[in-house]
Amino acid sequence: MGGLPSYNDVLPFFQKIEHTTIGSDQYHGRSGPLGVEYANPMLEVSSLFIKAAVESGIPYNPDINGESQEGVSPTPCSTYQGIRQSTALTYLKGALKRKNLKVITGALVQRIVFEDDKAVGVEYMRSGKLYSVHASSEIILSAGALRSPQLLMLSGVGPRQHLLKHSIPCLFDLPGVGQNHMEHPAAYMMYEMALPTWSSEVSLFKQALHGSNWFFRKKGLANSGMSQAVAFTCSSPDATRPDLQLTLIPFGLDPKNKKNNIKNKEVVLVIVNECRPESRGHIELESADPNAKPKLYPQLLGTQRSLERLTVGIKQVRKIFSSPSIKSHVRQEIAPGIGVETDADVYQWLRDTVIDTVHPAGTCKMGQDQLAVVDEQLRVHQVKNLRVADASIMPVITSGNTNAPTIMIAEKAASMILNCLSEKGAKTYA
């Protein structure tokens, strides 16, 4: 068996998915389907954040996805000419015309069907009716880091005792299914500013105004991604690479209900992420019912090191907002706020407020160890004709956002599948 893919193995697939003017050809793609641009238009508060970060000791880095990750930069966004570059737009839309593709919506997969050690089909429910489809070659499971392990377990692939607990026959005893759950823990810091932010732009009237500007001209605030500036930093002088991410978003969220925007103040939000969390959670079945959501047991602050790193990140953000370029524009720190000063205070605030970043990964990890679920070709161990291709296969979570790495996984999986089909002499489609 070969080793796990290296940086040089996956870089061509990152380049293949991207078209951008950022950085050099050595690290970026120029003709791929997914556009990447810097946030635009940049608000003054966002530009001052970058300037203040440099004043605080963080180097300016014009390409955080290039040779070095460390530094502060405008945020590279998955947008192109004002349009969010979703895979539905950049990949699926163009593929819908293919004769070998059929998209079924409003369906919920019930289980993967096996004959001996082969995956041969899929059962799914749609409009109250059960359907079954046969796979002529392979089944590719891409349900995400929460649903992929759930579906494997519902199909009899997973930890034996857990499956038997829910009266599911264990066809393939793979104890790692649902284990190794990883997330980037997120601390939300907020500052009230004496500069315009998006917080005053979320009234229904202004939303309609910005929406019209985007719809007819692809310009204005709706043209920009949520994040406008980002910094990757080190939590200690001994760190060999960044282990913290600081993301500036020019609007505020209610500290008690992060689904609600703050509308009556000019507020910016800085999300402090730990890039390489060491703690691991896991996923279990709620029941044998495919309609039941899986039970998630995250460990966002499972180690003391996570608390310490995030605390350093909070101190770094406070240093930024105390720097000359931006200090005079700060009215108050809303969160953590006055009274959260000592490390012990910050630890408690983190325990009370840290949430996930919607970056679940690792629950069907790639490798050859006891908890590995797929091999380096993304094939499920012990099983024939079944692969998993999504963020669940990451052995270790990526040090930044998981969107582009997950698309890269899909591209590399497609290449491996095409090579496999070619070796078998099967017909393939461009």
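Just so you know, these numbers come straight off a predicted model, no measurement behind them.

Visitor: Just to check I follow, could you spell out the sheet that holds strand β4 (residues 76–77) for this structure?
Guide: To summarise the sheet geometry, strands pair through backbone hydrogen bonds and adopt either a parallel or an antiparallel arrangement. The 3 strands lie next to each other as β1-β2-β4, forming an open sheet whose pairing is mixed. The open sheet has two edge strands, β1 (18–20) and β4, and neither has a second partner. Sheet analysis places β1 next to strand β2 (residues 34–38), joined by 3 bridges and oriented parallel. Among the inter-strand pairings, threonine 20 is bridged to a residue of β2, identified as valine 36.

Visitor: Help me understand the pattern of salt bridges in this model?
Guide: Oppositely charged side chains can form a pair if their charged atoms are brought close together. Throughout the structure, instances matching the rule amount to 15 salt bridges. The shortest N-O distance in the salt bridge between lysine 384 and aspartate 117 comes to 3.7 Å. Here lysine 384, found in the loop between α9 (343–353) and β22 (386–388), pairs with aspartate 117, found in the loop between β7 (107–115) and β8 (118–126); they are 267 residues apart in sequence, far enough to count as distant. Aspartate 117 sits in the partly exposed class, given a relative accessible area of 28%. With its nearest N and O atoms 3.0 Å apart, the salt bridge here joins aspartate 343 to lysine 315.

Visitor: I'm lost on the sheet that holds strand β14 (residues 229–233) in this one. Help?
Guide: Pairing is antiparallel across the open sheet formed by 6 strands, whose spatial order is β3-β14-β15-β18-β13-β21. Both edges of this open sheet fall to β3 (71–74) and β21 (330–335), since each of them pairs with a single strand only. This sheet shows a mean twist of 20° between the axes of neighbouring strands, independent of strand direction. When strand β13 (residues 186–193) meets β21, the two strands line up antiparallel, connected through 4 bridges.

Visitor: Hey, could you run me through the UniProt feature "domain: Glucose-methanol-choline oxidoreductase N-terminal" (unreviewed entry) in the chain in this one?
Guide: Within this structure's numbering, the places UniProt gives as "domain: Glucose-methanol-choline oxidoreductase N-terminal" (unreviewed entry) are residues 144–158. Along residues 144–158 the backbone is 73% helical and 13% strand, and the end-to-end C-alpha distance reaches 16 Å.

Visitor: Please clarify how the nonpolar core should be interpreted in this entry.
Guide: Soluble, globular proteins show a tendency: their nonpolar side chains are buried together. Within the largest apolar cluster, 47 residues are counted, with the highest numbers of intra-cluster contacts made by Phe49, Leu246, Val317, Ile320, Phe321, Trp349 and Leu350. Counting residues per element, this core draws most heavily on β13, at 7 residues. Excluding residues within four positions of it along the chain, leucine 350 makes contact with Ala187, Leu301, Leu307, Leu310, Thr311 and Ile314. By size, the runner-up hydrophobic cluster in this structure holds 41 residues, among which are Leu141, Cys170, Val383 and Val388.

Visitor: What is the right way to read the side chain of asparagine 180 from this model?
Guide: Along the polypeptide, asparagine 180 turns up in the loop between β12 (172–173) and β13. On the accessibility criterion, asparagine 180 (11% relative accessible area) is buried. Looking at asparagine 180, its side chain comes within polar contact range of the side chain of arginine 280, at 3.1 Å. Within the structure, asparagine 180 has its side chain in polar contact with the backbone oxygen of glycine 362 (distance 3.0 Å). If near-sequence neighbours (up to four positions away) are discounted, asparagine 180 is found in contact with Arg280, Gly281, Ala361, Gly362, Thr363, Lys365, Met394 and Pro395.

Visitor: Sorry if this is basic, but what is going on with the packing of aromatic side chains here?
Guide: The geometry of an aromatic ring pair is captured by the separation of the ring centres together with the interplanar angle, meaning the angle of the planes. Enumeration over the complete set of coordinates arrives at 5 aromatic pairs. Ring centres of phenylalanine 49 and phenylalanine 321 lie 5.9 Å apart, and the angle between their planes is 55°; on these two criteria the pair is classed as tilted. Placement of the pair is phenylalanine 49 in helix α2 (residues 44–55) and phenylalanine 321 in helix α7 (residues 304–321), with a sequence separation of 272 residues. Here the aromatic residues Phe49, Tyr191 and Phe321 are joined through ring pairs into a cluster of three or more.

Thresholds applied
Once a new chain begins, its residue numbering starts again from 1 and follows that chain's sequence as written. Residues qualify for local features only when their pLDDT is at least 70, as the model is predicted, and side-chain atom pairs are given and counted only at 80 or more; totals for whole chains, interfaces and linings, by contrast, use all residues. The basis for every side-chain value is the complete set of non-hydrogen atoms in the structure, without hydrogens or water. For two strands to be treated as a pair, DSSP must find no fewer than two bridges joining them. Labels follow the DSSP assignment, with helices taken as runs of H or I lasting at least four residues and strands as runs of E lasting at least two, numbered in each case from the N terminus. A carboxyl oxygen of Asp or Glu within 4 Å of a side-chain nitrogen of Lys or Arg is what we treat as a salt bridge. Burial classes: relative accessible area under 20% of the type maximum marks a residue as buried, over 50% as exposed, and values in between as partly exposed (1.4 Å probe, protein chains only). Lines fitted to C-alpha atoms define the axes, with helix axes restricted to the stretch in contact, and inter-axis angles between N-to-C directions lie between 0 and 180 degrees. UniProt positions are given in the numbering used here, feature names are shortened, and annotations may be inferred rather than shown by experiment. Only buried residues count toward a nonpolar core, which is a set of Ala, Val, Leu, Ile, Met, Phe, Trp, Tyr and Cys residues joined through side-chain atoms within 4.5 Å. The contact criterion used throughout is that any non-hydrogen atoms of two residues lie within 4.5 Å. Counting of polar contacts relies on pairs of N or O atoms within 3.5 Å, with two restrictions inside protein: one atom must be capable of donating a hydrogen and the other of accepting it, and residues adjacent in sequence are counted only when both atoms are side-chain atoms. Two rings from Phe, Tyr or Trp (for Trp, the six-membered ring) form a pair when their centres are within 6.5 Å of each other. A pair whose planes differ by under 30 degrees is stacked, one over 60 is edge-to-face, and the rest are tilted.

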